[in-house]
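# Coordinate inspection notes
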Amino acid sequence: MDWWRLDLNPKVVAAVRKANIQSMKEILSLSGPDLQRLTKLSNRDVQYLHKTVAVATKSDPVVTALQMYNGQCPFPTQNQRLSMGCPILDVLLGGGIPLMGITEIAGESSAGKTQICMQLCLSVQFPCSYGGQESGAVYICTEDAFPNKRLQQLIAFQPMLRADVPADVVNNIKFGNNIFIEHVADVESFNHCLSKRIPILLSRGLIRLVVIDSIAALVRCEFGAADSIVKAKCLQKFGTMLHHLSHRFCSPIICVNQVTCAVSDSHLAHSELGLLDRRVLPALGLTWSNQLLMRLMVCRTHICIEGKLPEGEVCASTTGTVIRRMEIIFAPHLPQSFCNYIINKQGVRGMKVTGINRIETTHFSPSDILL
């Protein structure tokens, strides 16, 4: 340790070296009397030494809760978000997906979970000034084969979906070259993927997003009802590994989760269901819920788009194309809220409810919507 870089009296530096103290960590781990006994310094010199070393090792400034609430937090990683590729959904999520932590997207089949994840895999490749991270993504499939045809369709319509980005910027991004697909079928393969393969891609800067679709499929196939303790330990292990990767490389983790039916009112009473009334719960229980930073629930509603009105708005009815809904169940930085969205050829587009039977959306035609 080069003690001369610190603002210390030469007499103090000489005493520290004579005591064979090699690092600032050793000084901070020693109490005042112990440090005074080893260095033979006065109590005043020891206090000044402790204070100088503490100031030198402090890397992050202290911020207030008001600064964080107003978005004035000096920590750049806490201010940054990964855009959803839709301004309405970004507003719902306070700017997008947090860069550090595990975000879960839970919902029933055909709610649009995979569509959202694929859109995030494209969004992460945009420049930081447009809500991306200028890097790729890895998509881990545990159930079905990766929907490559749908991905190619989304890539083709990126200039239309991301009208906020200049066309030359979109056209210069090789979206298909920056998405790595991994298929795993069991817990052992998944563990090898997280511990060996993913860290290599992250360390080389090839990816800044990890998508797991889905986490429940692995656990449900491996463990039975009698293996609850083993399953809980497995989920805790995976959660720890994912958190380590996310914080080490400042990369968001997206985990798709399945849902289960709530068999009794007691299950509903002890769960966080958010604002909407539903009879399903995210799978994997409380053990997995404790690993999450944010939980989003998506579902298909009974509201349908019937056609386009002359004023440019969309009429809601009981027939036609189904509208889906995204809800924030819990997040440390967001209140519980929800918004509607549709899925068309371009991708996932948020919608604003402006009345009971009138729904406002952004630049889409009902004929483009996927059923």
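Quick notes on the rules
Residues numbered from 1 in each chain as written. Predicted model: local features only at pLDDT ≥ 70, side-chain atom pairs only at ≥ 80, totals over all residues. Heavy atoms only, no water. Salt bridge = Lys/Arg side-chain N within 4 Å of Asp/Glu carboxyl O. Helix = DSSP H or I, 4+ residues; strand = E, 2+ residues; numbered from the N terminus. Buried < 20%, exposed > 50% of the residue type's maximum accessible area, 1.4 Å probe, protein only. Disulfide = S-S within 2.5 Å. Core = buried A, V, L, I, M, F, W, Y, C linked by side-chain atoms within 4.5 Å. Axes fitted to C-alpha atoms, helices over the stretch in contact; angles between N-to-C directions. Parallel < 35°, antiparallel > 145°, perpendicular 65-115°, else oblique. Left-handed = near helix turned anticlockwise from the far one by under 90°. Contact = heavy atoms within 4.5 Å. Nonpolar A, V, L, I, M, F, W, Y, C, P; charged D, E, K, R; others polar. Arc of directions from axis to C-beta. pLDDT = per-residue confidence, 0-100.

### Overview of the pattern of salt bridges
Applying the stated criterion across every chain, the model contains five salt bridges. Between Asp-45 and Lys-11 there is a salt bridge, with its nearest N and O atoms 3.3 Å apart. With Asp-45 in helix α4 (residues 43-57) and Lys-11 in helix α1 (residues 10-18), the pair connects residues that are 34 residues apart, well separated along the chain.

### Remarks on unusual backbone geometry
Of note, the amide linkage connecting Asp-213 to Ser-214 takes the cis form, showing an omega dihedral of 0 degrees. The topology assignment puts Ser-214 in the loop between β6 (207-213) and α13 (215-222). Phi angles above zero are rare outside glycine, and Lys-40 is one such case at about 65 degrees. Here Lys-40 is to be found in the loop between α3 (32-39) and α4. The phi dihedral of Ser-110 falls on the positive side, at around 70 degrees, and the residue is not glycine. Within the secondary structure, Ser-110 sits in the loop between β3 (102-107) and α8 (113-123). Accessibility expressed as a relative area gives 40% for Ser-110, which makes it partly exposed.

### Description of the state of the cysteines
The final tally for this structure, using the stated rule, is zero disulfides. Cysteine Cys-121 is unpaired, with the sulfur of Cys-117 as its nearest cysteine sulfur at 7.0 Å.

### Regarding the nonpolar core
Core analysis: the biggest nonpolar cluster contains 47 residues, and Ile-116, Leu-209 and Met-326 have the highest contact counts within it. Counting residues per element, this core draws most heavily on α8, at six residues. Counting residues in each nonpolar core, the second largest holds 38 residues, with Leu-202, Ile-207, Phe-238 and Ile-253 among its members.

### Thoughts on the packing of α3 against α4
Two elements in contact, α3 and α4, have axes whose closest approach is 10 Å; the angle formed by their N-to-C orientations is 115 degrees. When the interaxial angle is binned, α3 and α4 end up roughly perpendicular. Between α3 and α4 lies a crossing of right-handed hand. Side by side, α3 and α4 meet where Gly-32, Leu-35, Gln-36 and Thr-39 of the first sit next to Asn-43, Val-46, Leu-49 and His-50 of the second. Taken together, the residues of the contact of α3 with α4 break down into three nonpolar, five polar and no charged.

### Describing the environment of Val-91
Relative to the assigned elements, Val-91 resides in helix α7 (residues 87-92). Classification of Val-91 by relative accessible area gives exposed; the value is 68%. When the C-alpha atoms of Val-91 and Gly-350 are compared, they prove to be 9.8 Å apart, with 259 residues separating the residues in sequence.

### Describing helix α9 (residues 148-156)
Turning to α9, its buried residues are Arg-150, Leu-151, Leu-154 and Ile-155. The arc that holds every buried residue of α9, seen down its axis, measures 145 degrees, which confines them to one face. Every exposed residue of α9 that faces more than 90 degrees away from the buried side is listed here: Lys-149 and Ala-156. Residues of α9 that are buried sit in contact with α8, α10 (158-161), β5 (179-183) and β13 (338-343).

### Observations regarding the confidence of the model for the protein chain
Of the residues in the protein chain, 82% reach a pLDDT of 70 or more, and the chain-wide mean stands at 84. When pLDDT is averaged over each helix and strand of the protein chain, the minimum, 45, is found for strand β15 (residues 358-361) and the maximum, 97, for α8. Here residues 309-313 scores under 50 on pLDDT; set against residues more than four positions off or in separate chains, the count is five contacts. A low-confidence stretch, residues 354-371 stays under pLDDT 50, and its non-local contacts, those more than four residues away or across chains, total 49 contacts.

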